Amino acid sequence: MKKIFLIAAAALIGFAACNKDDGGNKTKSFDATFELTSELGDLTYGEPVTVTGTVVTEASVDAVSFTGVDDEGNAVGEEQKYENGSEASVSSTAIEGMFFPDTKDMTQLQVTLWSGNATASFTFPVTSVTGEMKGDVYINNSAAFTADVMEPNHQNSPELYPEENTGAGSDVKSFFSMPGVVIDGQVEHILSLNQLRSVDGQNASFVFCNVWKSTDKKVLIGSQRGYAFQIANNLGSGTMGRQCDAYEVDGHAIRPENADANFLMDLVRGSWYTDYDAEKFTDIDRIFINIKDAETPFEKMKAFWQLGEIQRKYDNSTLGEIDPDKLKSFEGQKYLRHYNDAGHSATKEMRENFRAGDYIVIKTTRGTVENPEYYYGIMQIRLIPDVSGVIVDGRFDKELTENLFGQSIYLDIKTQCEILD
């Protein structure tokens, strides 16, 4: 959580000198004084603090950077640079920006003012940096999920697999794990049936599928049809058609008790939708766009905190908010269909639910009942397979819907997740 302290510190002076930037180019320093007006003291690793201060200079200050340094002034953390704008307030009289303690080896914070390529730097003591990261982040801007065919097994195809608990596997990537799953020593988030079976469904969040037939009885599902995101702990649902994924094969299965049972999805549609929530869409869009790469400790800390805005603004009941006028709780679903009432026996008009450009906000709850841990993320739908060829007389055709198997949806995913060994 953000901490803001307001106490005075001694002013320091930056002296003119020449040095080189990381590219080997000469940079100049400029004269300035800077007075820190926020307290540093004890910092928590990965938890941002707001750094504020007053500036006296004749130069035009257009950026500020914060870097954790040791007693000799050597950088031991990543330089965190901000220009004046939405993330920081920077001028020739005052600065305000956020510093993420990204190293426990720092003993000082170096504040650098920038005027073009010229700089003025100041250091301030830090008592300690303690604690651990609250979580990790997973970012994939071209995540593909493929609607797998109905895999045969001993229950739905006894003529092929007469022996009990045998069946076909699949390497098609159709499953997602928000927490992540360790497979062969690597943390994976996009998984196949074979991969998830190997860990008995551990941490499985959803499957992207094509609803057509009930895979245990091989009969057409009547009212629902077409693409859907379905929570992985309920693959046996009668209207989803993924019973074949839930069967035990060779002693392994996607077991409901191991899956991510608390996974929820909240669809945030764009302006094409009749009941478009402009304020919420703009909020989610802003959070999503502002999150960049997350490779370094600083980038991961920043992205984790940025995604935390979902909790702070749309799920503050988890933070202890009790004022009914301010109280917000995450309203999510266990499954999302591309179209509702698309089957031949539906009595309502077929309705489109999402399009490319829409967002799906996701949440899961981990930890224990006494000490729950909440994680949030955003998925943007980038590309959906064309379904126009299977729609006949306002419904998904009984047989043509089979053509949607093997097609992929593409998502841009940015999510908090657990730190897995």
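Above: the structure in question.
One structure accompanies this document, and this report is about it. Every chain is numbered independently, its residues counted from 1 as its sequence is written. The model is predicted, so local features are restricted to residues of pLDDT at least 70 and side-chain atom pairs to those at 80 or more, both for listing and for counting; the totals for chains, interfaces and linings are taken over all residues. Derived side-chain values reflect all non-hydrogen atoms in the structure, with water molecules and hydrogen atoms excluded from consideration.

## As for unusual backbone geometry
Working step 1: Even without a glycine there, the phi angle at Asp184 is positive, about 50 degrees.
Working step 2: In this text, helices come from DSSP runs of H or I with a minimum length of four residues, and strands from runs of E with a minimum of two, each type numbered from the N-terminal end. Residue placement: Asp184 occurs in the loop between strand S14 (173-183) and strand S15 (186-192).
Working step 3: A relative accessible area of 79% means that Asp184 is categorised as exposed.
Working step 4: Although it is not a glycine, Asp200 adopts a positive phi angle of roughly 55 degrees.
Working step 5: Along the chain, Asp200 falls in the loop between helix H1 (193-198) and strand S16 (206-211).
Working step 6: By relative accessible area, Asp200 is classed as buried at 19%. Under the scheme applied here, a residue whose accessible area is under 20% of the maximum for its type counts as buried, over 50% as exposed, and between as partly exposed, the area being computed with a 1.4 Å probe on protein chains only.

## A closer look at the environment of Ala75
Working step 1: Inspection of the secondary structure assignment puts Ala75 in the loop between strand S7 (63-69) and strand S8 (80-83).
Working step 2: The spatial distance from the C-alpha of Ala75 to the C-alpha of Gln108 is 9.6 Å, given a sequence separation of 33 residues.
Working step 3: Leaving out residues up to four positions away in the same chain, Ala75 has contacts with Thr67, Gly68 and Val69. Note on definitions: a residue-residue contact is assigned when non-hydrogen atoms from the two residues lie within 4.5 Å.

## What about the sheet that holds strand S20 (residues 264-268)?
Working step 1: When DSSP finds two or more bridges between a pair of strands, those strands are recorded as paired. The strand order S13-S28-S25-S24-S20 describes an open sheet built from five strands, whose pairing is antiparallel. Each having just a single partner strand, strand S13 (136-146) and S20 make up the two edges of the open sheet. When strand polarity is set aside, the average angle formed by the axes of neighbouring strands in this sheet is 20 degrees.
Working step 2: Sheet topology places strand S25 (residues 372-383) next to strand S28 (residues 408-417); six bridges connect them, and they run antiparallel. Bridge pairing links Leu383 to Tyr410 in S28.
Working step 3: Orientation is described by axes fitted as lines to C-alpha atoms, over the contacting stretch for helices, and by angles from 0 to 180 degrees between their N-to-C directions. Together, S20, strand S24 (359-367), S25 and S28 form the strand contacts of helix H3 (residues 278-290), whose direction differs from that of S24 by roughly 70 degrees.

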